[in-house]
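# Residue-level structure breakdown
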Amino acid sequence: GPSGPSALPEVLRTALARVLPPHLVPAHVLVVDSVPSTVSGKADLDALPDPFARSGPPAAAVAEPAGLEERVAGHWAAVLGTDPAALTPDADFQALGGDSLALVEMLTAVSADLLDPDQARHFMAGLECLLREVTLGQVCARVRAARAGAIA
Amino acid sequence: MIFVGDGALLRRAVAHAADRGHPVDLVCSADPADAAGAGPHLLVGADIDAHAAALAAASSDGIVWSLNNRRIFRAPVLSLGLRLYNVHNGLLPRHRGLPSVAVLHAVLHGHPAYGATLHEVDAGIDTGRVLAERRFPIGPEDRFHQVMLRGVRACQQLFEEQLPAVAAGRAVPADALAGRPAGPSAYHGVRDLGRLAHWRDHPAYARATDLGPFAAHAPELVEAIRRLS
């Protein structure tokens with residue numbers, strides 16, 4: 001599986017996507033060696049780096065499209081032949097009957113709908129680590145990360 | 001009928017044949033789940049010839065399907081008198097060999113079309129008589145993963161479309177194909193990837209190596225492309 005500090009933001013976001021509603025999953029995760037403290041020893045939150053002060057596309061370019069979850073769920077439903085309303089973030093693609101070819105169909109449809117070719121390449125790169133257990137929340141988190149350019 | 005191959009394409013074909021009432025005598029693959037609960041499974045690695053006796057014993061109708069299959073049938077199986085059919089991801093004879101390498105080649109060199117081919121199996125690799133094909137154009141902006149996905153879909157469609165004729169013994173070499181040959185015969189193998197460096201500056205290189213979700217299924221390509229990046 002993924003390891004090392006560079007994979008940590010994605011691992012965290014993936015794990016959070018399993019247990020939190022999508023809007024509560026942080027858009028950016030920045031890794032710091034230690035939490036800075038004030039002279040009195042309290043955590044100095046103002047001294048933390050600004051997760052949004054990063055080089056990359058302007059905010060407008062990475063703005064989330066309306067109903068990202070619904071659109072991803074729609075592609076799942078089309079490929080699996082299920083009701084999109086019944087798909088929750090922890091819905092498991094394989095458990096719902098998706099085979100490896102269905103997975104390719106779904107990932108292709110999702111990236112064609114929500115990502116440009118460059119983002120799609122980032123989206124697909126390193127997907128192997130997720131291929132064993134693919135949940136709707138994970139795929140949505142990965143789409144978001146790819147749109148934000150956050151997947152190295 | 002007997003099925004030899006691997007993965008979702010094989011599994012879907014087995015399930016479809018069983019659904020249509022055809023006998024699933026034996027499924028030969030590396031994963032028991034490929035039998036889709038439709039018939040007995042035989043665990044087979046790279047060598048199918050070692051299992052010739054099992055194939056002969058299992059066959060009820062003399063038909064053997066090869067789908068997404070990298071194993072090569074040689075004399076021990078070919079001499080059994082069975083009718084062997086391969087569904088090849090590629091047009092023949094232009095896209096013989098490994099589909100992953102053939103698709104890369106087709107996109108890189110601007111082949112006008114790609115597709116799937118049903119052919120009889122003989123002693124060569126993808127050289128038997130062609131019975132049917134499904135062909136689609138390759139667009140100027142098409143990427144590797146798009147062509148590959150269409151090729152896989154074409155394989156499934158071709159199998160389902162031709163199954164009744166093959167089962168009934170009515171599948172014959174298609175005259176209609178004689179008028180539009182798929183180009184010169186070419187074999188595409190892992191060895192071709194050694195020459196990939198020559199094409200690195202080709203304008204179509206990025207499209208031809210954009211594996212998309214197929215990266216998980218084509219480790220040989222991933223490695224060759226990574227070496228050049």
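Reading guide: rules and limits
Residues numbered from 1 in each chain as written. Chains lettered and ligands numbered in written order. Predicted model: local features only at pLDDT ≥ 70, side-chain atom pairs only at ≥ 80, totals over all residues. Heavy atoms only, no water. Axes fitted to C-alpha atoms, helices over the stretch in contact; angles between N-to-C directions. Helix = DSSP H or I, 4+ residues; strand = E, 2+ residues; numbered from the N terminus. Parallel < 35°, antiparallel > 145°, perpendicular 65-115°, else oblique. Left-handed = near helix turned anticlockwise from the far one by under 90°. Contact = heavy atoms within 4.5 Å. Nonpolar A, V, L, I, M, F, W, Y, C, P; charged D, E, K, R; others polar. Expected span 1.5 Å × (residues − 1). Buried < 20%, exposed > 50% of the residue type's maximum accessible area, 1.4 Å probe, protein only. Domains from an automatic or database assignment. Buried area = accessible area lost by both parts, 1.4 Å probe. Polar contact = N/O pair within 3.5 Å; in protein donor to acceptor, adjacent residues only side chain to side chain. Salt bridge = Lys/Arg side-chain N within 4 Å of Asp/Glu carboxyl O.

## Thoughts on the packing of helix α4 (residues 100–114) of chain A against helix α5 (residues 144–167) of chain B
Where α4 of chain A meets α5 of chain B, the axes come as close as 11 Å, and the angle between the chain directions of the two elements is 140 degrees. Put simply, α4 of chain A runs oblique to α5 of chain B. Crossing of α4 of chain A against α5 of chain B: the hand is left-handed. The segment α4 of chain A lies against α5 of chain B, with Leu101, Val104, Glu105 and Thr108 of chain A engaging Leu149, Val152, Arg153 and Gln156 of chain B. Class assignment for the residues of the contact of α4 of chain A with α5 of chain B results in 4 nonpolar, 2 polar and 2 charged.

## With respect to unusual backbone geometry
Residue and element names in this part refer to chain B. For the peptide bond that leads from Leu92 to Pro93, omega is 10 degrees, which places it in the cis range. By the element assignment, Pro93 lies in the loop between β5 (83–89) and β6 (96–97). Residue Ala36 is not a glycine yet carries a positive backbone phi of 50 degrees. Relative to the helices and strands, Ala36 resides in the loop between β2 (26–29) and β3 (41–43).

## What about helix α6 (residues 136–147) of chain A?
Residues and elements named next belong to chain A. Taking 1.5 Å of rise per residue, 12 residues should cover 16 Å, and α6 covers 17 Å from first to last C-alpha, within 8% of that figure. Of all 12 residues in α6, 12 are buried; the element is thus mostly enclosed. When we look at burial in α6, the residues that qualify are Leu136, Gly137, Gln138, Val139, Cys140, Ala141, Arg142, Val143, Arg144, Ala145, Ala146 and Arg147. Count one or two residues on from α6 and you reach Gly149, which has phi positive near 70 degrees.

## What about the domain arrangement of chain A?
Residues and elements named next belong to chain A. Looking at the assigned domains, one finds that chain A contains domain 1 (5–47) and domain 2 (68–149). Distance from the C-alpha centre of domain 1 to the C-alpha centre of domain 2: 24 Å. The partner domain 2 presents 11 residues to the 7 residues of domain 1 that form the contact. Counting the surface lost from both domain 1 and domain 2, the interface buries some 840 Å², and carbon and sulfur atoms represent 57% of this. The interface formed by domain 1 and domain 2 holds 0 residue pairs in polar contact (both at pLDDT 80 or more) in total.

## A short note on the interface of chain B and chain A
Between chain B and chain A, the residue contacts involve 14 residues of the former and 13 residues of the latter. Of all residues in chain B, the largest losses of buried area upon contact with chain A belong to Arg12, Leu149 and Pro213 of chain B, amounting jointly to 36% of the total for that side. Our count for the chain B to chain A interface comes out at 2 salt bridges. Of the charged contacts in the structure, one is a salt bridge between Arg12 of chain B and Asp99 of chain A, with a shortest N-O distance of 2.8 Å. Those elements giving two or more residues to the side of chain B that touches chain A turn out to be α1 (7–19) and α5 of chain B. Among the elements that make up the side of chain B that touches chain A, the one with the highest residue count is α5 of chain B (4 residues). Of the residues assigned to the side of chain B that touches chain A, the class counts are 7 nonpolar, 3 polar and 4 charged.

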